[in-house]
Amino acid sequence: MERTAGKELALAPLQDWGEETEDGAVYSVSLRRQRSQRRSPAEGPGGSQAPSPIANTFLHYRTSKVRVLRAARLERLVGELVFGDREQDPSFMPAFLATYRTFVPTACLLGFLLPPMPPPPPPGVEIKKTAVQDLSFNKNLRAVVSVLGSWLQDHPQDFRDHPAHSDLGSVRTFLGWAAPGSAEAQKAEKLLEDFLEEAEREQEEEPPQVWTGPPRVAQTSDPDSSEACAEEEEGLMPQGPQLLDFSVDEVAEQLTLIDLELFSKVRLYECLGSVWSQRDRPGAAGASPTVRATVAQFNTVTGCVLGSVLGAPGLAAPQRAQRLEKWIRIAQRCRELRNFSSLRAILSALQSNPIYRLKRSWGAVSREPLSTFRKLSQIFSDENNHLSSREILFQEEATEGSQEEDNTPGSLPSKPPPGPVPYLGTFLTDLVMLDTALPDMLEGDLINFEKRRKEWEILARIQQLQRRCQSYTLSPHPPILAALHAQNQLTEEQSYRLSRVIEPPAASCPSSPRIRRRISLTKRLSAVSPGSPPSSPRSRDAPAGSPPASPGPQGPSTKLPLSLDLPSPRPFALPLGSPRIPLPAQQSSEARVIRVSIDNDHGNLYRSILLTSQDKAPSVVRRALQKHNVPQPWACDYQLFQVLPGDRVLLIPDNANVFYAMSPVAPRDFMLRRKEGTRNTLSVSPS
């Protein structure tokens, strides 16, 4: 269809038109307008057409309809994967291949994709097909082969099924029959060889030495006595060169090398909110191994900072200040290397309460490194949007494109800087919030593929950053790596006890660095250490005279904040979908993501749910129990409490609207407790 106008109209190139519903599928429809100019001949005397030097210009808009699949049953999604128009909907295949495991296993998907191979005809018998049948059959085969090629290329780990690799074997057999000698068949053969060789190497290698934790500390009648401190210091001092014995550049480069290697190996599927949020369930210890590896490295770095600053209680304040200054310089060098992961780890440790409260040590820190520390801390501040880590990461990603545009014709193209290596927790937070806010299924048992598209938008950024990390040129330095892993890690109790020995609570010196932020790592730790106690040593014995604003968290936590301390949803930066497929119970614009734990023996395990202004306490309890895999009939046995600062709780009455009944002091953390008198035989299901 075409539209003509006498002057230019402000028409969007893509305009929403509505929805189309077919059997088992919902499509969003848009109109795409492409503009073209035409000249009309001027009208001469007597109505004749004659050329004119000044011709009227008309704008012609050619409009085409674009359909994008938003929700469908599995069969329709697979059909779209194979036969869909990739020019009209280029994001469907990458979004599907990156997220399909949330709604169908790999083997089941292959059952839909791979047609049954016909048995060979008997000797002397020739099966004839018409030209139309042959053309249609070959077209279908080519489409399936193309899908398998993209799948093998972008997500090879989906086919890892040790030791048989049966899924890959099925693909290999099919490609050998449908496309022998093709690039796709060669990929399948090469991938199987790689898997088998890797398994052989793992069998030949010796099992790695696993560090079992810091040495046991002898307990005395007074754990804060100088004798206990001396025994602990002797046990915590590593043998050989220590990490801070090396130069700032060497340490920062080795941290960056480790981070980029781990980040490059992260599997996109493991980052999905529905996958990562299940990591604390019983029996899920081996889930998301590539993401857990980044968590372990983050914790190692924070542990090194705490161990080096607190592990020598006998140091004078100026000597300890030198260690603080060196870690600040290492953090600054990580920033220059565009390594936001180790940067965040170092800052988290320096901002933790056991280090922050060392006021005499901070008082001896020079002005310049103290100013650098404040500026670096603003990167991860939630109060200043234009300096937030999210905004800065966008700026860093845009560096490559801007440098390419600045290249003048005839000049040598400038090489974009490598990286950046992001703090993965930023993306995991977005994906968990997205998984919490949008339903997996819609009315009519339709898979909500619009949710998967939005997840793919985030996963695509991770994938792009992984590719850019390949441009780093750093070499390993074994002595530094050995010193990094030789640094014994302090427990939370040890960290705070050593901190109190170094500077007893009675000491008061207003010299700790004041920056405009507070982040709480205590609640964020629940995913990494589900057995940690709910109250920290600091809450039992807080130092007197603490300044009203600190650079660090409220507890002596040293582990990675990847359990995702979900912020109260600001006007969502994430587009949460078109209102044409409404979210359940989201009729009001007032909503927030809350975290609900169960008061039982499973530690600080929590689940995130979306709370709206329409939700009463019973519905919140039922949805929270569903997230915790607790059978619904027991919902009436539980009460909802809001967790407040200072180990206090607020009971939410059963008939109350939770959104308006909760306290604004801490509108995020809730807990379910069994009502008195109910039987306490139920535990969280491991399924």
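Residues numbered from 1 in each chain as written. Predicted model: local features only at pLDDT ≥ 70, side-chain atom pairs only at ≥ 80, totals over all residues. Heavy atoms only, no water.

Assigned secondary structure in the protein consists of 24 helices and 13 strands. For the protein, restricting intrachain contacts to residue pairs at least 6 apart in sequence, the fraction spanning at least 24 positions comes to 76%. Of the roughly 34200 Å² that the protein leaves accessible, carbon and sulfur atoms contribute 52%. (Helix = DSSP H or I, 4+ residues; strand = E, 2+ residues; numbered from the N terminus. Contact = heavy atoms within 4.5 Å. Areas by Shrake-Rupley, 256 points an atom, 1.4 Å probe, with all protein chains shown as cover.)

The next thing to look at is helix α23 (residues 617-627). If you check which residues of α23 are buried, you get Ala617, Ser619, Val620, Val621, Ala624 and Leu625. Where α23 is buried, its residues touch β9 (591-598), β10 (606-612), β11 (638-644), β12 (648-652), α24 (658-661) and β13 (669-674). At the exit of α23 stands Asn629, carrying a positive phi of roughly 60 degrees. (Buried < 20%, exposed > 50% of the residue type's maximum accessible area, 1.4 Å probe, protein only.)

On to the side chain of Thr436. Of note, Thr436 is situated in helix α18 (residues 424-437). The class of Thr436 is buried, set by a relative accessible area of 13%. Ignoring anything within four residues of it in the chain, the contact list for Thr436 reads Val593, Ser608, Ile609, Leu610 and Lys627.

In this section: the sheet that holds β10. In space, the 5 strands of this open sheet follow the order β10-β9-β13-β11-β12, with mixed pairing throughout. Looking along the sheet, the strands with just one partner apiece sit at the ends: β10 and β12. Pairs of neighbouring strands in the sheet enclose a mean axial angle of 40 degrees, with direction left out of account. Here β9 pairs with β13 via 4 bridges, running parallel. Counterpart to Ile598 in the pairing with β13 is Leu672. (Pairing = 2+ DSSP bridges. Axes fitted to C-alpha atoms, helices over the stretch in contact; angles between N-to-C directions.)

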